[in-house]
Amino acid sequence: MASFQAPPGHLSQAEVLIISSLVEFQLTVNAPDPDLEDPCLTTADGQKVKSTSAIARYVAEAGKTNHLYPKDNPQQLADVDRWLEVAAALETAAASWVQPTCQQASDEARESSKAAVAEQLQLLEQQVQGKQYLVGSTLSLADVAVACAALPLFQSVLSAEARQPYPTLTAWIQDTSSSAHFNKVLGDVKLCSAESGWVAPTASSKADKKKKKAGKSDAGDAAQQQQQQNGDAKELDPEKAAKKVRTSVIELQGPTCDR
């Protein structure tokens, strides 16, 4: 059976669980690892698949159904691939603002990335006009990827004022994320309740992460290595993993966001 692992709070955790549920793909979800830089899926035969988009494609193709990634329709397949590129571009642009990559970003880098994030969001605002689904007439991998890439910004960074330039995109995200498969993983999605500005991660959250990482390095490395050698790494089935993702989302939103 394939297994999946990601850094804590990484958007791919939710995305992969939603896709695996939609296509009925059997997947073991390992507990998040703060030492990972990128998400990684290990196939049943031991091959490694890395990057959010590559993992999303693999799971969508490997499931019992392939409706999310329509390989029998070349035009729709090309459209889905284009939207996956859009989602990847937004993920990269937002790295200084969303978990877990924001913890390594300086305030200067975060401020300078605002223009790139706003540009990506404005493009999406234009492209989702009049669309319920991004490709075709049903939910596809494109919808899941774009929604999951945008959600961290809308949940924990963009205030009501900051969302004003993107009314269509905001409505599309809320509609898409309210579907049963999203709700199963994320619970009820609420947008950031700050009234103005962009909500940056607090200094205390950065310090806590450094403290936790230092503690793990000092006291836990040997135990972790021994645990891995013994094959005892903690694993979760997708249902339990979904519950953990919901908990993680609530913790990362903090007091500035609705529950």
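Up top you'll find the structure we're talking about.
Numbering of residues begins from 1 in every chain and follows the order in which that chain's sequence is written. Only residues with pLDDT of 70 or above have their local features reported here, since the model is predicted, and side-chain atom pairs are shown and tallied only from 80 upward, although totals for entire chains, interfaces and linings are computed over all residues. With hydrogens and water stripped out, all remaining heavy atoms of the structure feed into the side-chain values.

Here we come to the overall build of the protein. Along the protein, the regular secondary structure elements total 11 helices and 5 strands. The classification of residues rests on relative accessible area computed with a 1.4 Å probe and restricted to protein chains. Under 20% of the type maximum is buried, over 50% is exposed, and intermediate values are partly exposed. Burial analysis of the protein (259 residues in total) assigns 45% to the buried set. By definition in these notes, contact holds between two residues if any of their heavy atoms fall within 4.5 Å. Restricting to contacts in the protein with at least 6 residues of sequence separation, those with at least 24 account for 76%. The protein chains shown are the only cover counted for residues, whose accessible areas, like all others here, come from Shrake-Rupley with a 1.4 Å probe. For the protein, the exposed area adds up to about 12800 Å²; of that, 49% sits on carbon and sulfur atoms. By the criteria applied, helices consist of DSSP H or I runs no shorter than four residues and strands consist of E runs no shorter than two, each listed in order from the N terminus.

Attention now goes to the side chain of Thr52. The residue Thr52 is located in helix H2 (residues 52–62) in this model. Those residues within four positions of Thr52 in sequence are excluded, and the remaining contacts are His10, Leu11, Ser12, Glu15, Pro39 and Glu91.

Inspection of the secondary structure puts Tyr58 in helix H2. In the structure, Tyr58 is positioned 11 residues away from Tyr69 in sequence and 9.7 Å away in space, judged by C-alpha atoms. Dropping the residues within four chain positions of it, Tyr58 is found in contact with Phe25, Leu41, Thr43 and Val49.

Neither face of strand E2 (residues 27–30) is exposed, since Leu27 and Val29 on one face and Thr28 and Asn30 on the opposite face are all buried. Pairing between strands requires that DSSP locate at least two bridges from one strand to the other. Here strand E1 (residues 2–5) pairs with E2 via 3 bridges, running parallel. Across the sheet, Ser3 pairs through a bridge with Thr28, a residue of E2. Note on the crossover from E1 through helix H1 (residues 11–23) to E2: the handedness is right-handed. Handedness of a crossover is defined as follows: orient the strands so they point away from the viewer, and if the path from the first strand over the helix to the second runs clockwise, the crossover is right-handed.

This part covers the packing of aromatic side chains. Here the aromatic set is Phe, Tyr and Trp, taking the six-membered ring for Trp, and pairing holds for ring centres within 6.5 Å; pairs whose planes are under 30 degrees apart are stacked, those over 60 apart are edge-to-face, and all others are tilted. Inspection of the entire model under this criterion finds 2 aromatic pairs. Seen from their ring centres, Phe25 and Tyr58 are 6.2 Å apart, and the 85° between their planes marks the pair as edge-to-face. Separated by 33 residues along the polypeptide, Phe25 in the loop between H1 and E2 and Tyr58 in helix H2 bring together distant segments of the chain. For Tyr58, a relative accessible area of 29% gives the class partly exposed. For a ring to carry a charge above it, either NZ of a lysine or CZ of an arginine must fall within 6 Å of the ring centroid while also lying within 35 degrees of the normal to the ring plane. Above the plane of the ring of Trp83 lies Arg82, whose end atom (NZ or CZ) is 4.8 Å from the centre. Sitting above the plane of the Trp97 ring, Arg110 keeps its charged end 5.9 Å from the centroid.

So, about the environment of Leu141. Assignment of secondary structure puts Leu141 in helix H6 (residues 141–156). With relative accessibility at 0%, the residue Leu141 sits in the buried group. Taking the C-alpha atoms as reference, Leu141 lies 7.6 Å from Ala56; in sequence the two are 85 residues apart. Discounting chain neighbours no more than four positions away, the residues touching Leu141 are Ile19, Ala56, Arg57, Ala60, Leu68, Tyr69, Val80 and Leu84.

The α-helix advances 3.6 residues per turn, and as a result positions three or four apart in sequence lie on the same side. Taken together, the buried positions of helix H8 (residues 167–177) are Leu169, Thr170, Trp172, Ile173, Thr176 and Ser177. Down the axis of H8, the buried set is contained in an arc of 165°. They therefore lie on one face. Residues of H8 that are buried sit in contact with helix H5 (114–127), H6, helix H7 (160–163) and helix H9 (180–186). In this description, one arc is meant: the one made by directions from the helix axis to the C-beta atoms.

So, about the pattern of salt bridges. What makes a salt bridge here is a side-chain nitrogen of Lys or Arg within 4 Å of a carboxyl oxygen of Asp or Glu, nothing more. For the coordinates displayed, the defined rule picks out 4 salt bridges. Between Glu61 and Lys71 there is a salt bridge, and its shortest N-O distance comes to 2.8 Å. Of this pair, Glu61 sits in helix H2 while Lys71 sits in the loop between H2 and helix H3 (74–93), placing them 10 residues apart in sequence. When its relative accessible area of 36% is taken as the criterion, Glu61 is described as partly exposed. Put simply, Asp107 and Arg110 hold a salt bridge, and the shortest N to O gap is 3.0 Å. Here Asp107 and its partner Arg110 are both found in helix H4 (residues 107–112), 3 residues apart, which amounts to about one turn of the helix.

On to the packing of H6 against H8, then. Geometrically, a packed helix pair is captured by the angle between its two axes and the distance between the axes. Interhelical geometry of H6 versus H8 gives an angle of 115° and a closest axis separation of 10 Å. One finds that H6 runs roughly perpendicular with respect to H8. Every pair of crossing elements has a handedness; the one defined by H6 and H8 is left-handed. In this structure, H6 contributes Asp143, Val146, Ala147, Ala150, Leu151 and Phe154 to the contact, and H8 contributes Leu169, Thr170, Trp172, Ile173, Thr176 and Ser177. Charged means Asp, Glu, Lys or Arg here, nonpolar means Ala, Val, Leu, Ile, Met, Phe, Trp, Tyr, Cys or Pro, and polar covers whatever is left, Gly included. Here the contact of H6 with H8 is composed, by residue class, of 8 nonpolar, 3 polar and 1 charged. A fitted line through C-alpha atoms represents every axis, and for helices the fit uses only the stretch in contact; the resulting angles, taken between N-to-C directions, go from 0 to 180 degrees. For this classification, under 35 degrees means roughly parallel, over 145 means roughly antiparallel, 65 to 115 means roughly perpendicular, and everything else is oblique. By definition, turning the near helix anticlockwise from the far helix through less than a right angle yields a left-handed crossing, and turning it clockwise yields a right-handed one.

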